[in-house]
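If you want the building blocks of each chain, they are given just below.
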Amino acid sequence: MKIGVFICYCGENIGRTVDCAAVAKATAMLPGVAHSEDYKYMCSDPGQNLIKQAILDKKLDAIVVGSCSPHMHEKTFRKAAAAAGVNPYMVEIVNLREHCSWIHDDIPSATKKAIDLMRIAIEKVKRNDPLTPIRVPVTKRALVIGGGISGIQAALDVANAGYEVVLVEKEPSIGGHMSQLSETFPTLDCSQCILTPRMVEVYQHPKIKLYAYSEVSNVEGFIGNFSVTIRRKARGVRDEVCTGCGLCVQKCPIKKAQNSFEEGMAIRPAMYVPFPQAVPNIPVIDREVCTYYKNGKCQMCKKVCGRDAIDFEQQDTFVTEAIGAIIVATGYKLYTIDKKPENSLIKGYGEYGYGMYKDVVNGLQFERIASASGPTNGEILRPSDKSEPKKIVFIQCVGSRDEAKGFTYCSKICCMYTAKHAMLYKHKVHDGEAYVFYMDIRSGGKMYEEFVRRAIEEDGVKYIRGRVSKIYEDDGKLVVKGEDTIAGMPVTINADMVVLATAMIAQSEAPQLAQMLGVPYDTYGFLQEVHPKLRPVETSTGGIFLAGACHSPRDIPECVAMASAAAAKTMVLFGSDMLEREPVVAKVHADTCAGCFYCQKVCAYSAIERKEIRNRQGELIKTIAYVNEGLCQGCGTCNATCPSKSVELIGFNDEQIFNEILALDEVF
Amino acid sequence: MNFINDDIFMAEEKFEPKITCFVCNWCTYTGADLAGTSRLKQQTNARLIRVPCTGRIDPVFIIKAFESGADGVLVSGCHPADCHYNTGNYHARRRWIFFRELLKQVGIPESRLHFSWVSASEGKKWVDVVNGVIDTVRKEGPFEDYHKVNTEFAFPEPEEAVCS
Amino acid sequence: MQAMKQFITTDEKLRQLVHALSKNAWNIISAGKEGTNFIYINDGKDLVINADSKPTKLSAKEFFFPKTEPLFFYKKNHDGVDLLDPKDVLRKTVLFGVKPCDAAAVPVMGKVFNWDYKDEFFNRRVEQTVIIGMACSYSDVYCFCTSTGLSPESSKGSDVFLKPAQNSSYIAEAVTPKGEAFVVEFSSFFDAANENDVKLLLNSPKGPEKKFDANQVKQWLDGHFEDPLWNEVGETCLGCAQCAFTCPTCHCFDIVDESCGYNCGRRVKNWDGCQFGLFTKHASGHNPRGHQPERYRQRISHKFKYYQDKFGEILCTGCGRCTRGCPVGIDIAEIAQEINKRNSVLV
Amino acid sequence: MQELIQAAQAALTSKEAAFIIGYALTPDGKKTRPFIARTPDEAAKLVFNHTCAHNLAVYLTRIAKPKEGKMGIVAKGCDTRAIVALIQENKITRDQVYIIGVNCSGVTADVTLPFGADNLPSKCIMCQVQVPPVSDVLVGTAAPYDKPKDAVTERMQLLEAMNEHERFAFWASEFEKCIKCYACRQTCPMCYCEQCIVDKTVPRWIESSASLRGNFSWNMIRAFHLAGRCIGCGECERACPMDIPLMLLNRKMGMVAMQQFNYRHGVNPEEPTLVGSYNMQDNNEFFK
Amino acid sequence: MENIYKPELVEILDVIDETPDIITFKLKFKDPEYHKEFNFLAGQFAEYSVFGEGECTFCIASSPTRPDFLECSFKAAGKVTNAMRRLQTGDTMGLRGPYGNYFPVEEMKGKSVVFIAGGIGLAPVRCVIWNVLDLRDQFKDVTIVYGARSVADLVYKRELEEWKQMPSVKTVVTVDPGGETPDWNGEIGFVPSIVEKVAPNAENTVAVICGPPIMIKYTMPVLEKLGFKEENVITTLENRMKCGVGKCGRCNVGNVYVCKDGPVFTYKQLKELPEEY
Ligand SMILES: Cc1cc2nc3c(=O)[nH]c(=O)nc-3n(C[C@H](O)[C@H](O)[C@H](O)COP(=O)(O)OP(=O)(O)OC[C@H]3O[C@@H](n4cnc5c(N)ncnc54)[C@H](O)[C@@H]3O)c2cc1C
Ligand SMILES: Cc1cc2nc3c(=O)[nH]c(=O)nc-3n(C[C@H](O)[C@H](O)[C@H](O)COP(=O)(O)OP(=O)(O)OC[C@H]3O[C@@H](n4cnc5c(N)ncnc54)[C@H](O)[C@@H]3O)c2cc1C
Ligand code: SF4
Ligand code: SF4
Ligand code: SF4
Ligand code: SF4
Ligand code: SF4
Ligand code: SF4
């Protein structure tokens, strides 16, 4: 092997403390080095030409450049080498600037260190393999999981760019939480009014394939090449013939099912459409309550349906879709506080009487109460006796920012929606009194602070800084006992109704979904981005992006922005036909692998698969590990874990590192 | 190697520890880059070997480093929960929990093997860690115990051997 | 009457001899105090001369054929490679109290190290070493020297051979010219023995019972390369090769390169064993002896047939070490016995 | 004894097991050694007594898995830990083995000496599983026996009391003896790699020569590869012809597993292995 | 002290890529005196060293009739061979030998010879081929049958052409069905069937055969059918060996040491050996 060594002075930057000429001279003596020279600016055009010329003149197979950090110019020198016909992976960069000249003063010892560092790299490059980047084709179809506003936005953006989108929503209709909201801060426009047209657009978009009432049941493959299996839950209604006339819903005799869209504050039939604007507008049978499923009787819906769309025997079906990128937009849920959540350290807020007193409601319930299409047609009436509450108390931070009983994080939107709620209340109940217990007001955002101030100053909402310790019922009133920390005295309010701004928390199935996708999640179950600042919508698994509240509590504008960002990332991926990746991936030596699968256990990317080795007769000889190059990210954890050293990381393999260490076996 | 100033080798009389460092590419190596860009001065005894992730660092690397004459070894990577590869450092940490105890059991003192988490932004911390390790090992002196293990492998002095 | 020259010495004198030797820069080796292994000593009081002692764990072969021996050193430089012979550190050496089963192994192994090409590493060590053998009165269920043509009093391989006599004295025979020269050089510790002295000799130790007839074993082996026996005896072998490593006659080795530092290193000869699966594995993956029973067959055949065919010696001295140490109790003498039995059925 | 033979014969006759790995007497009748019975007749040779110290689980990964039937094995309580550990590590599945559990009353450390309190291996002194916790059929009786102080524990304490240099010197003198025969590895039920790291030539991390340097790295890495995996059967130490106290290393690793992770390998086949899993709360104190 | 394990230094004069994983080295001893005195016979092998990696065994692929340099052809199979692959013209290696026995070229004189080789098996045969060709008039008919899995796997492509051009030699080159390229003009088929077609009369003919075990297995019956006597069929064995001089104890087949008593064996000898190769 013929190695070329190039030492850069980096102007004065290296040359000042490292005797570059001496380094070049010393390395020239090392076995394998066929050429060695120093130059003022290696990365400059003349410097690069020098390298190219030396490669051609001396027929070099590999080069080592002593310059700045590889994070700076590795690409530059690889390109230069490639231009002269040397494989770009036969290039090693030695960090003589950041790791030597800039941090030392003493020329002799810095020079000596520089030689050592060069020797390490020379020994490594001798064992480098000429590699080619891994190229994989890209399937230009996106999967969006979750049809809330985030999912809708992402799907529309990708579809409008001309790529096919598969949208999977677990509920019978898309829309998510936004469809439940009354009016939205800070402009107080009607949530349904702005959302419905987008839902319809999704439904009618030729590039969007909508699977509502469906769930992702399996994900295989890797960036650009996922294979996704979707479970389509049986509605009991054949969607291909149903016209959405709603006759069955009207005639269904079982009327008393809990209406979850109305957050339990209304009832609905066993055959139902979650809400009038639902997309798709196809009813679903609630098998839990339908008498036919319980005791085989009724079939009223079947009788009335003019299209014979009712199919009681309908089973879940599975479809598999080829997908190139996945956008996760599964949103959030609200913290239920009446009882201690299962398997949780969280204590809950039993003392607030939620679940015990009908007139203690959560934010979403209040949204429904305030909504013109809600159970009270937009009149503010308390749930217990449908009377107008004259005194209403809002409590913020129920579960948020509370290490003892809830979560340490801030749910971010409660300050805003509480102000909105109080304002809506005041607009509708002019003589009512609204109190808000808060810890502090977080209203960062365009027009947000103004919004809160409006609630206080124009609408006369009374803000009390402090915590509520207890709520109990006394003589038809809710006695709210709390502390005004500014006044420094206890307060007691005899309220008619209490609204709790409970924390936004992760969907309960989020961890399972994350595991299926191979995406990390935080301790709360929110999905994790790769880099909080620079790569906020990407996950550590290539080709999987995040949008909306599944990542952390967010309001609608943020969700939409994030969804568009995820869509943009998807489109970047779809912009090329082939994906190119660094060929730093692990590889298993089949003959020595013992099949202990410790490598599989430590791989964070599920890149290690099991492969059966069979003889000519087809008999199983052994099962060994096998690396899926598409998934492997090249961390090398498997390599270090494997007891028999049967899996090795190409580019940082055992032989390379062994010889790097050995290169130091000389007096420093 | 007499092409550079002989003084360098003369100065060798005073004990200067050899420190081999295994650092991950994303956090510590970059942290060390930052130390460089910030011109934070360090002693010259450390030699870095860059690997993608602390998860890649096998205990045999450390043994080989001692065999190759290191007086001290430093292993450094991303802070827990910051691993570029999600969990590589967790697996590595578990490995070291055992390996440290094993080394202690065979009489390799803790002062010879150091661990740190240094993020890409902790240039200053890197300098403190490196200097700290170098100072500790310098105080301990040469790793005579292990060097003795290596003596059998010493390349014979020309005069001792019958040259062919 | 005696062809060999006989001398008399005493425990005390031997200890003084150690002192004298050490002053003259000899290496002195004797079984350690616990008797488990041979060690280097410098002081007469560390000398263990004990006819009753159990054989050491490792045989004496390590002093002629060390477990690891550098063959040469190399240093790569920019223009090529320099080779250096290993440092010549051999000193005159004396091995005290070697049992007949250990001593006899030296000339046996000498055959393979000297046919055609001569392994001077081995020869040099043998040349430099005076083996003071000693009659053995130890015997346990594992010993079977009498079945391999030796006896507790066989002086094969020894340069000087000691037999215990009364009053802590020993009758020493100079078996080889080297031995004789040694006795002459250190004559102050050896007096010529007269007939009366010889009468002081203790009764000859009985030695283990003869367990098998090695010739018959060979006869059977000649015709039974394929035989169910091999599976029976080899199936439970774990292939640990401790049998080969502790054996005084097993001489297989591996050659590997090892680094001594940056771009320099040494090539060494290391003990190896035919019970290892990798021993014969080709680079292509093919393995002529791919299974443990086949490897076990090689072990027995090599010892009792191949070596005899080639060099006229059995490659076993009956020390019993392999069996004593085998973690799964595989017993070479028992297998030879079994073969004997099968052979007599045949005849 | 009859019970064992019957159980074995029944398993072979019913084809429940294709063979039984068990113990048989040596011809002198004084000791036992591993024996593989393939027919009911051969099974009549099976025995179990105080000399059955071997951990036969090692054969489960050395012998080709039969196509019909399971691998039958005679296992003491301590041996079943190895079997469970092998299940945990994907080497075998529970339905590939037919376990004839034997209630055990202790085995000898030195087979040539009579059984008794002064001839007990460490594993018997520390034993808590005289009755095998898993088995398909259980035979024999577990009689109580006197348990003296454990020598390994005592040596551990001695070692702990030493300073670093003394400890290093202690191990240097022990490892010096190692002849690289790999008996420790071959007898270990958990050492099942087809190619051991010492046999790997590219690169040769651990020198195969029996020089102190290679011996140090070999013995350290062997112990490390078994950290959190060693089931404490002591076979390695028993097999070592040079009497190197390998259990002082293995025991230490076991203690770390116990103290820091409250984990014992080979107890619960469902439990994730220590190596290969992690906990965010793992000890972080030694990191600067 | 004479050190039988210490190699002599050789310099690589040339590196020839035969196939993607087979390479030929042209070597010359660094010490010209030694080179002059170095003698070997066709079929002998040597131990080649890459310092720091180890040693491995190859037959000497060049002919003793061409003493200017030595050649070996090797397949990258493991530690040393892969290290050799990285070496280049001008690099230094070690070599000790020649070892082992050799082809009975003297006895073959006056007879016809058929060379049958497959894959890299041509390497050990090539030295005899050149040996015979360089003394062409001392032999009767010379036939060469060489086969490989595919065109890319054929070694010594230039020499194959050279032999084909020689009127005094019948050279047949074949590739396995499916291994041919569009412009392949040689035979297509397995070696045994080609041998059956082109082999000369067995009378007074010696067959030298080398190649993968499977090829040998199927060619032997063909040769038997053609009337070749077992003692006139010659092949080589390749057991793993370390020392090459009958000490290290691993190359034995029964009581025969391949390194000393081989590697060249007649089929008759092989049949008498236990099957351990
Ligand atoms: C009381 C209250 C008032 C609010 N008021 C405002 C406001 O005024 N202004 C404002 O900007 N924001 C407001 N918000 C915040 C707003 O609700 C969210 O920002 C927004 O709805 C988040 O949208 P999303 O699409 O990310 O999640 P979601 O709306 O939760 O949508 C997620 C969708 O994914 C589906 N899904 C979940 N898991 C799966 C799965 N495994 N497979 C398939 N589908 C799945 C769900 O069924 C759902 O349809 C309010 C929030 C609350 C609690
Ligand atoms: C008489 C004779 C003549 C011969 N002539 C020739 C000839 O002319 N040409 C020729 O090509 N061969 C010839 N051979 C065969 C040649 O000797 C072997 O191919 C060679 O010794 C292989 O040496 P190696 O060091 O490269 O392989 P080794 O390293 O010794 O390979 C041994 C094992 O290691 C495994 N291994 C290799 N690399 C790795 C890795 N990176 N990781 C894990 N495992 C690995 C391999 O699978 C193999 O099983 C001859 C042999 C003999 C006996
Ligand atoms: S850790 Fe190593 S031996 Fe185990 S399955 Fe993975 S590659 Fe194979
Ligand atoms: S290198 Fe890392 S990502 Fe790749 S297979 Fe190994 S553990 Fe998984
Ligand atoms: S000692 Fe026993 S188990 Fe080990 S290789 Fe020898 S016969 Fe086999
Ligand atoms: S084969 Fe066994 S009994 Fe014979 S010499 Fe060797 S170790 Fe001793
Ligand atoms: S290391 Fe020793 S004690 Fe532990 S399982 Fe293996 S043989 Fe048993
Ligand atoms: S059994 Fe003992 S001597 Fe043999 S390799 Fe293991 S530790 Fe070394």
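Residues numbered from 1 in each chain as written. Chains lettered and ligands numbered in written order. Predicted model: local features only at pLDDT ≥ 70, side-chain atom pairs only at ≥ 80, totals over all residues. Heavy atoms only, no water.

Asker: When you look at the overall build of chain B in this model, what are you seeing that I'm missing?
Answerer: Broken down by element type, chain B carries 6 helices and 4 strands. Starting at the N terminus, the α and β elements of chain B follow one another as α-β-α-β-α-β-α-β-α-α. Buried residues in chain B amount to 66% of all 164 residues. Taking as baseline every contact in chain B between residues at least 6 positions apart, the subset at least 24 positions apart corresponds to 82%. Put simply, chain B shows about 5,400 Å² of open surface, and 54% of that area lies on carbon and sulfur atoms. (Helix = DSSP H or I, 4+ residues; strand = E, 2+ residues; numbered from the N terminus. Buried < 20%, exposed > 50% of the residue type's maximum accessible area, 1.4 Å probe, protein only. Contact = heavy atoms within 4.5 Å. Areas by Shrake-Rupley, 256 points an atom, 1.4 Å probe, with all protein chains shown as cover.)

Asker: Teacher, can you tell me more about the pattern of salt bridges here?
Answerer: Side-chain pairs of opposite charge can arise where the charged atoms are in close proximity. This model, assessed by the stated rule, comprises 114 salt bridges over all chains. Note that C:Glu334 and D:Arg33 form a salt bridge whose closest N and O atoms lie 2.6 Å from each other. Taken together, the residues C:Glu334 in helix α12 (residues 332-346) and D:Arg33 in strand β2 (residues 32-37) connect one chain to another. D:Arg33 carries the same exposure label as C:Glu334, and that label is buried. For D:Glu160, the salt bridge goes to D:Lys252, with nearest N and O atoms at 3.9 Å. With D:Glu160 in helix α5 (residues 151-161) and D:Lys252 in helix α10 (residues 247-261), this pair connects stretches of sequence that are 92 residues apart. Of the residues examined, D:Lys252 reaches a relative accessible area of 11% and is grouped as buried. The network of salt bridges with common partners includes B:Arg100, B:Glu101, B:Lys104, B:Glu110, D:Glu160 and D:Lys252. (Salt bridge = Lys/Arg side-chain N within 4 Å of Asp/Glu carboxyl O.)

Asker: Mind showing me how you'd approach the domain arrangement of chain D here?
Answerer: By a frequent convention, interface size equals the accessible area lost on bringing the separate parts together. Residues and elements named next belong to chain D. Taken domain by domain, chain D consists of domain 1 (2-139) and domain 2 (151-261). Placing a centre on the C-alpha atoms of domain 1 and another on those of domain 2 gives a separation of 25 Å. Between domain 1 and domain 2, the residue contacts involve 17 residues of the former and 18 residues of the latter. Of the roughly 1,400 Å² buried between domain 1 and domain 2, counting both surfaces, carbon and sulfur atoms make up 52%. Seen at the junction of domain 1 and domain 2, the total is 1 salt bridge. In this structure, Glu89 and Arg229 form a salt bridge, with 2.8 Å as the shortest nitrogen-oxygen distance. On inspection of domain 1 and its partner domain 2, the count reaches 8 residue pairs in polar contact (both at pLDDT 80 or more). (Domains from an automatic or database assignment. Buried area = accessible area lost by both parts, 1.4 Å probe. Polar contact = N/O pair within 3.5 Å; in protein donor to acceptor, adjacent residues only side chain to side chain.)

Asker: Please clarify how the packing of aromatic side chains should be interpreted in this entry.
Answerer: The relative placement of two aromatic rings is captured by the distance of their centres and the angle of their planes. Overall, the coordinates contain 72 aromatic pairs over all chains when judged by the stated rule. Relative to B:Phe61, the ring of B:Phe22 has its centre 5.7 Å away and its plane inclined at 45°; by these criteria the two rings are tilted. With B:Phe22 in strand β1 (residues 19-24) and B:Phe61 in helix α3 (residues 59-67), this residue pair connects regions lying 39 residues apart in the sequence. Residue B:Phe22 is classed as buried on the basis of its relative accessible area, which comes to 0%. Among the residues examined, B:Phe61 registers a relative accessible area of 0% and is labelled buried. Grouped by ring-pair contacts, the aromatic residues C:Phe65, C:Phe113, C:Phe121, C:Phe122, C:Phe245, C:Phe253, C:Trp271, C:Phe276, D:Tyr182, D:Trp218 and E:Tyr5 constitute a single cluster. Between the NZ or CZ atom of A:Arg119 and the centre of the ring of C:Tyr262, over which it lies, the distance is 4.8 Å. Above the ring of A:Tyr598, the side-chain terminus of A:Lys601 is found at 4.3 Å from the ring centroid. (Phe/Tyr/Trp six-rings, centres within 6.5 Å; stacked < 30°, edge-to-face > 60°. Lys NZ or Arg CZ within 6 Å of the ring centre and 35° of its normal.)

Asker: How should I be thinking about unusual backbone geometry in this particular structure?
Answerer: Generally, phi is negative for residues other than glycine and the peptide bonds are trans, each holding for most cases. Along the chain, A:Val279 connects to A:Pro280 via a cis peptide bond; the corresponding omega equals 0°. The topology assignment puts A:Pro280 in the loop between β15 (271-272) and β16 (284-285). In the segment running from E:Gly262 into E:Pro263, the intervening peptide bond is cis, with an omega of 5°. Relative to the helices and strands, E:Pro263 resides in the loop between α8 (258-261) and β15 (264-266). In this model, B:Arg39 sits at a positive phi of 55°, which is unusual for a non-glycine residue. Among the secondary structure elements, B:Arg39 is positioned in the loop between α2 (28-37) and β2 (46-51). Residue B:Arg39 is classed as partly exposed on the basis of its relative accessible area, which comes to 38%.

Asker: Just to check I follow, could you spell out the site of ligand 5 for this structure?
Answerer: As a structural note, the neighbourhood of ligand 5 is formed by 13 residues, with C:Cys237, C:Cys240, C:Ala241, C:Cys243 and C:Cys326 the closest of them. A breakdown of the residues in the shell around ligand 5 according to their chemical character gives 10 nonpolar, 3 polar and no charged. (Near = heavy atom within 4 Å. Nonpolar A, V, L, I, M, F, W, Y, C, P; charged D, E, K, R; others polar.)

Asker: Honestly, the side chain of E:Glu47 in this entry has me stumped. Any pointers?
Answerer: Residue and element names in this part refer to chain E. Residue placement: Glu47 occurs in strand β3 (residues 45-50). Among buried Asp, Glu, Lys and Arg side chains, Glu47 stands out as unpaired, with Arg96 the closest opposite charge at 4.7 Å. Among the polar contacts made by the side chain of Glu47, one reaches the side chain of Thr57 at a distance of 3.0 Å. Among all residues touching Glu47, those that are not within four sequence positions of it are Glu55, Cys56, Thr57, Gly94, Leu95, Arg96, Tyr99, Met241, Lys242, Cys243 and Gly244. (Lys, Arg positive; Asp, Glu negative; His and termini not counted.)

Asker: Help me understand the site of ligand 1, please; the structure alone is not making it clear to me.
Answerer: Residues and elements named next belong to chain A. Around ligand 1, a shell composed of 37 residues is seen, among which Ser150, Glu169, His177, Lys420 and Arg554 lie nearest. A distance of 3.1 Å separates an oxygen atom of ligand 1 from a polar atom in the backbone of Ile149. Within the side chain of His177, an N or O atom sits 2.6 Å from an oxygen atom of ligand 1. For ligand 1, whose accessible area on its own is 1,000 Å², the fraction buried by protein is 97%. If you list the elements that add at least two residues to the shell around ligand 1, you get α5 (149-160), β8 (183-184), β19 (332-334), α10 (363-370), α11 (414-428) and α14 (556-574).

Asker: I tried to follow the environment of A:Lys2 on my own but got confused; where do I start?
Answerer: In this fold, A:Lys2 is placed in the segment before β1 (3-8). Residues A:Lys2 and A:Thr502, 500 residues apart in the sequence, show an inter-C-alpha distance of 68 Å.

Asker: Would you mind showing me how to read the nonpolar core here?
Answerer: What tends to happen in soluble globular proteins is that the nonpolar side chains get buried as a cluster. A:Phe366, B:Trp96, B:Tyr146, D:Phe216, E:Phe115 and E:Leu122 are the most contacted members of the largest nonpolar core, which totals 327 residues. When sequence neighbours within four positions are dropped, the list of residues in contact with E:Leu122 reads E:Ala117, E:Ile129, E:Tyr146, E:Val155, E:Tyr156, E:Leu160 and E:Trp163. (Core = buried A, V, L, I, M, F, W, Y, C linked by side-chain atoms within 4.5 Å.)

Asker: What should I look at first to understand the confidence of the model for chain B in this one?
Answerer: Keep in mind that low pLDDT regions are not for reading the predicted coordinates in detail. Residues and elements named next belong to chain B. Here chain B shows a mean pLDDT of 87. Residues at 70 or above account for 86%. Taken as a whole, residues 1-12 scores under 50 in pLDDT and shows 17 contacts with residues more than four places along the chain or in a different chain. Confidence over residues 159-164 falls short of pLDDT 50; this stretch has 12 contacts with residues more than four positions distant or in other chains. (pLDDT = per-residue confidence, 0-100.)

Asker: It is not clear to me how the sheet that holds β3(E) should be interpreted in this structure. Could you clarify?
Answerer: In any sheet, the strands associate via hydrogen bonds between backbone groups, in a parallel or an antiparallel arrangement. All names here are of chain E. With respect to topology, 6 strands assemble into an open sheet ordered β4-β3-β6-β1-β2-β5, the strand pairing being antiparallel. This sheet does not close on itself; its edge strands, each paired only once, are β4 (54-59) and β5 (70-75). The sheet shows a mean angle of 40° between the axes of neighbouring strands, direction not considered. Across 6 bridges, the pairing between strand β2 (residues 22-29) and β5 is antiparallel. (Pairing = 2+ DSSP bridges. Axes fitted to C-alpha atoms, helices over the stretch in contact; angles between N-to-C directions.)

Asker: Explanation requested: the state of the cysteines in the structure shown.
Answerer: Linking two cysteines covalently through their sulfur atoms gives a disulfide. Residue and element names in this part refer to chain A. Taken as a whole and judged by the stated rule, the model has 2 disulfides over all chains. In this model Cys190 forms its disulfide with Cys193; the gap between the sulfur atoms is 2.3 Å. Torsion about the S-S bond of the Cys190 and Cys193 cystine: about 85°, corresponding to right-handed handedness. Residue classification places Cys190 among the partly exposed residues on the basis of a relative accessible area of 27%. (Disulfide = S-S within 2.5 Å.)

Asker: Teacher, can you tell me more about the interface of chain A and chain B here?
Answerer: Listed as interface residues are 56 residues of chain A and, on the opposing side, 50 residues of chain B. Both sides together, the interface formed by chain A and chain B hides about 4,400 Å², and carbon and sulfur atoms give 62% of it. Here chain A and chain B share 5 salt bridges between them. Residues B:Asp58 and A:Lys645 are paired through a salt bridge, measuring 2.7 Å at the closest nitrogen-oxygen approach. Summed over the shared surface of chain A and chain B, the number is 18 residue pairs in polar contact (both at pLDDT 80 or more). Broken down by secondary-structure element, the contributors of at least two residues to the side of chain A that touches chain B are α1 (20-28), α3 (70-83), α4 (107-126), α15 (598-602), α16 (637-641) and α17 (654-662) of chain A.

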